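Notes for the structure review
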Amino acid sequence: MPNTNPLSDFPFTSKLSLKGLVDYWEQKIDDENPFIAESAKQIQQVVKQNPGIMADSLSHEDIKKHKHLVDLLMTQVIPPTLSEGIMAAAFPPFSFDQFYSTQQFDELLKLHGSIVGIANNVPVEEILLHKTVASYMQILETFYGITVPLEKPIVLQAEHPVTGLIKYYKVDINPKFCEVVNVGELPKLTDQEIKQLIDNLYDIDVWKAKLPPELFEFRGFSVYGFLDISTEEILSSIKESLLERDTITNVESYQKLQTKFKSLLQLSDLKIGLSGYQKSRNTFIGFGEHFQESIKFEQNENDEMCTMQQEHIINKFTASPIPVIIEDMAKSEEMMGMEAHFLEQGIKNLIIAPLYHDGEFIGLFHIGSPNIGDLSSITLTKISEVLTLLSVALKRGSDEIENRVQSVIKEQYTSIHPSVEWKFVNAAYNILAQEENEAGSGTAEEIVFKNVFPLYAASDIRNSSVERNKAIRKDLKQQLAKAKTAIKQVYKEKQLPILEELEYRIGKMSSKINKALMSGDEMTIITFLQHDVEPILRMISKEDRNLKKFVDEYWEALDPDLGLVYEARREFEQSLTQINDTISSFLDDQQKSAQEMFPHFFEKYKTDGVEYNIYIGESLSNKKGFDPVYIRNLKLWQLITTAEAAKIAMDLKPELALPLDTTHLVLVHSSPLSVKFRMDEKQFDVDGAYNMRYEIVKKRIDKALIKGTTERLTQPGKIAIVYSQEEDANEYKGYIDYMHSKGYVKDDLEELMIEELQGVSGLKALRVTVDNSQNPVISELEKMELIETKAK
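Numbers given to residues run from 1 along each chain, matching the order in which its sequence is written. The predicted origin of the model limits local features to residues at a pLDDT of at least 70 and limits the giving and counting of side-chain atom pairs to 80 or more, whereas totals for whole chains, interfaces and linings rest on all residues. The side-chain quantities take in all heavy atoms of the structure and omit both hydrogens and water.

Next up on the list: the overall build of the protein. Secondary structure elements follow DSSP: runs of H or I of four or more residues count as helices, runs of E of two or more count as strands, with numbering from the N terminus. Helix and strand content of the protein: 26 helices and 22 strands. Only protein chains enter the area calculation, which uses a 1.4 Å probe; residues under 20% of their type maximum are buried, those over 50% are exposed, and those in between are partly exposed. Evaluated residue by residue, the protein yields a buried proportion of 46% over its 792 residues. Residues are treated as being in contact if the distance between any of their heavy atoms lies within 4.5 Å. Of all intrachain contacts in the protein linking residues separated by at least 6 positions in sequence, the fraction that spans at least 24 positions is 69%. Carbon together with sulfur atoms contributes 49% to the accessible area of the protein, which is approximately 40200 Å² in total. Every accessible area reported is derived by Shrake-Rupley at a probe size of 1.4 Å, with residue values counting cover from the shown protein chains alone.

Below is the structure:
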């Protein structure tokens, strides 16, 4: 067990020595580089004149006395050409009392007082522990040939003593001129003893017992380099915060989020704000409104002028995703009179970024400062990386508020699936009984169904992200091409230099996205077209009627509502929606007959495809007895329905504006589990840590690969059946054999091993091709009878 007693002091003797550095220079006398060789000779002469510099132990007074020589010696350690741009310092072994440093390091130290002051995120005890462990690692490597890397990087969190802004520094330690010397009899260690030391890496008492500190001395010096990694660290911290459930709904969490944005931009007066757009009410709702420093965007919705101002903002951002940067609020006319609202809050410089979820406008992120010029397009570039996660957090927060509203309307529970409604009715009666007996408000009981069997299936659009990206790129290329044509035609008649420059930039952007569409390219191109190209085209249309016809061809190519070329994206979205709606409607129809076999819980989601959960078991029904045959019924129903959904998708493909492929997956989990109604999320979820493996598999299996290959398990036109137990495989082979006899699938069953997923191993799969060459003619009644017969 690690020693829990705080370390009071560094246990080893540490001596500052420059002998190793002097020896290094002596080796450079014959260097091929004449400048280095000549410098080495000069240094050798100066060392001979100052032999005291070769002492085994130097004091800071000795360093001051030989400052000129020390400066010469250190030119190879911290080159003068680099010293102005880096933070670095040289220290005696495992000491924080530097004897040589760069100007930037001195400024950092002056601000924080000491290394310990810089590292205010690390307790003093932990610093001493790390130093001691590192010392023993060097002893182990030097005298016993054992290397144990300390893989965790050293990152210091420094808080500005005045502003409270945070900066992060990664520390790189170069121990080239630091050596450890044995000053007594070197202990002999067996392999077992070495293993014991490594197993107790941070138990200093164990190390001291085996390797007493008084037997070793550290001599020389080490160089510490400090790299400012604040942007990367703070962005990572912001992302982690936004993934937490209550980041924008909890006042304390919201305040921490604002503090991180202050540190990211190094602006202590910064304020942020988040406003969720409520489409049903056509207005905004603010988050962090109880936090005084938050920007308040919302106004009195009963005021007609305020309503018009908000509608202006809504219309602006539903039509275009371009953020607004207001450099000087007092001079702005961008916000249709809302400027006074922001000036009252002390905001003179503002960025408003629209947020979207699945292409739909859901709200705004505001970031403001009382100082003109603090925020610019550079700021937007810095925060752009977290806008997507801000959208996720805002959507989650908005959904939570909507759930609370629904809870008020329905008092206790949201709308529920008919198969489990009886359970909620009973719970409601119990609440009413409590209220009558105790003359107070009743407590809602937990809704849990134990020993239920889960079934899961998904019909996904193959490579939906890739196809979406292709559509975006195709639209952007077309709009750039239309713009270029208009500019070229106009330039033939008007040789304006700006037109030639715009044509060049359009060509450069077209060439860039021909290779690949990178993150941020879409916004960059749209901003360029709308801010740089389109104003020129408007001006030309007004001034010269003869040139207007060329410009009109560009405007005619744009979607009138969005102001963008949106053909390829519309084809993609329409095709995806058509597939989702068709399969979803088919599943709804099939569920009607499936519920007649035995009542079960059914929950369906539409994303880039359609997926559903089914839970079946005795605890879910209060009407009739349960028999395992009903599980087999539902398993076979699921396979047949999945095959039919695959056929529907294949038949639909020629009709689609963009022919998209679908893949189909069934997850087998034959062990019963418990499901619980989550009041906070208003949905059912598996209950218990053991059962969570099932949820983890569901989330990760769609990207699974066949073991030893790069082939995805899910393939168009095939059904993949994932399982872990051999008895499940035998059961499903029987179902597949039956389905082949009825013309649903081909006779090409594959038995596959699945590559290990994160946190999941041992999964296998059956895969079979859907037979689309024939259509089984069978009524719903006959199908149910066949399913029941085969299951029995």
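What pLDDT expresses is the predictor's confidence in each residue, scored from 0 to 100. Here the protein averages 83 in pLDDT, and 85% of its residues register 70 or above. With pLDDT under 50 throughout, residues 1-8 is counted as low confidence; its partners more than four residues away or in other chains account for 15 contacts.

Let us now look at the sheet that holds strand β2 (residues 87-91). Here a strand pair is declared whenever DSSP counts at least two bridges between the two strands. With respect to topology, five strands assemble into an open sheet ordered β3-β2-β8-β5-β4, the strand pairing being antiparallel. Looking at strand neighbours, the two that pair on one side only are β3 (100-101) and β4 (154-159), the edges of this open sheet. Note that β2 and β3 share two bridges and pair antiparallel. Bridged to Ala90 within β3 is Tyr100. Lines fitted to C-alpha atoms define the axes, with helix axes restricted to the stretch in contact, and inter-axis angles between N-to-C directions lie between 0 and 180 degrees. Of the strands in this sheet, β2, β3, β4, β5 (166-174) and β8 (222-228) touch helix α6 (residues 103-112), which is tilted by about 85 degrees from β2.

Between its first and last C-alpha, helix α21 (residues 545-556) extends 17 Å over twelve residues, near the 16 Å set by a 1.5 Å rise per residue. Every buried residue belonging to α21 is among Leu547, Phe550, Val551 and Tyr554, and all of these are buried. Seen from one end, α21 has its buried residues packed into an arc of 90 degrees, which puts them on one side. Structural note: α21 exposes Arg545, Asn546, Lys549 and Glu556 on the side pointing more than 90 degrees away from its buried face. The secondary structure elements touched by the buried residues of α21 are α18 (464-493) and α20 (521-543). For α21, the N-terminal cap is Asp544; the gap from its side-chain oxygen to the backbone nitrogen of Asn546 is 3.0 Å. Here the expected length of a helix is defined as 1.5 Å per residue gap, with one fewer gap than residues. Taking the helix axis as origin, the arc is that swept by the directions to the C-beta atoms. Polar contacts, as used here, are pairs of N or O atoms within 3.5 Å; protein pairs need one atom able to donate a hydrogen and one able to accept it. Residues neighboring in sequence count only if both atoms are side-chain atoms.

With that out of the way, let us pick up empty space enclosed by the protein. Two kinds of site are reported from a 1 Å grid over the protein atoms alone, namely cavities, where a 1.4 Å probe fits but cannot get out, and pockets, open sets with protein on both sides within 12 Å along at least five of seven lines, and residues are called lining when an atom falls within 4 Å of a point. Grid points are joined across faces, edges and corners, and a volume is the space filled by probe spheres set on the points. In the structure shown here, the tally under the stated rule is three cavities of 30 Å³ or more. Taken as a whole, the largest cavity encloses approximately 70 Å³ of empty space. Around the largest cavity, the lining residues are Ala457, Ala458, Ser459, Ile583, Leu587, Val610, Tyr612, Thr641, Thr642, Ala645 and Leu665. Among the elements of the structure, β14 (448-461), α22 (567-597), β16 (609-616) and α23 (629-652) are those that each provide at least two residues to the lining of the largest cavity. Residues belonging to the lining of the largest cavity are distributed by class as follows: eight nonpolar, three polar and no charged. Reported here for the second largest cavity is a volume of approximately 50 Å³. Looking at the second largest cavity, the residues that line it are Phe453, Pro454, Leu455, Ile631, Lys635, Leu667, Val668, His669, Ser670 and Tyr732. Polarity classes work like this: nonpolar for Ala, Val, Leu, Ile, Met, Phe, Trp, Tyr, Cys and Pro, charged for Asp, Glu, Lys and Arg, and polar for all others, with Gly in that last group.

It is worth spelling out the sheet that holds strand β9 (residues 271-278) at this point. Backbone-to-backbone hydrogen bonds pair the strands of a sheet. The strands run either parallel or antiparallel. Strand order in the open sheet formed by five strands is β10-β9-β13-β12-β11, and the pairing between neighbours is antiparallel. Two strands bound the open sheet, and with one partner strand each, they are β10 (283-287) and β11 (324-326). Sheet twist, expressed as the mean angle between neighbouring strand axes with direction ignored, is 25 degrees. Relative to β10, β9 runs antiparallel, the two sharing five bridges. Across the sheet, Leu274 pairs through a bridge with Phe287, a residue of β10. Of the strands in this sheet, β9, β10 and β13 (360-369) touch helix α12 (residues 251-265), which is tilted by about 125 degrees from β9.

Now for the packing of α18 against α22. The N-to-C vectors of α18 and α22 enclose an angle of 155 degrees; their axes lie 7 Å apart at closest approach. Between α18 and α22, the crossing angle belongs to the class labelled roughly antiparallel. Taking contact as the criterion, the partners of Ser464, Glu467, Arg468, Ala471, Ile472, Lys474, Asp475 and Gln478 in α18 are, on α22, Glu567, Ala568, Arg569, Phe572 and Leu576. Partitioning the contact of α18 with α22 into residue classes produces five nonpolar, two polar and six charged. Reported orientations rely on four angle classes, namely roughly parallel under 35 degrees, roughly antiparallel over 145, roughly perpendicular from 65 to 115, and oblique for the rest.

So, on to the nonpolar core. With 49 residues, the main nonpolar core has Leu634, Leu639, Ile719, Ile721 and Met739 as its most contacted residues. Per-element accounting of this core gives the leading share, eleven residues, to α23. Take the buried Ala, Val, Leu, Ile, Met, Phe, Trp, Tyr and Cys residues and link them wherever side-chain atoms come within 4.5 Å; each set so joined is a nonpolar core. Phe261, Leu264, Val386 and Leu389 belong to the second-largest nonpolar core, a separate cluster that totals 34 residues.

Another point: helix α8 (residues 124-144). Helix length check: α8, at 21 residues, gives a terminal C-alpha distance of 30 Å against a target of 30 Å (1.5 Å per residue), a fit within 8%. Note on α8: the residue one or two positions beyond its end, Gly145, has a positive phi of about 65 degrees.

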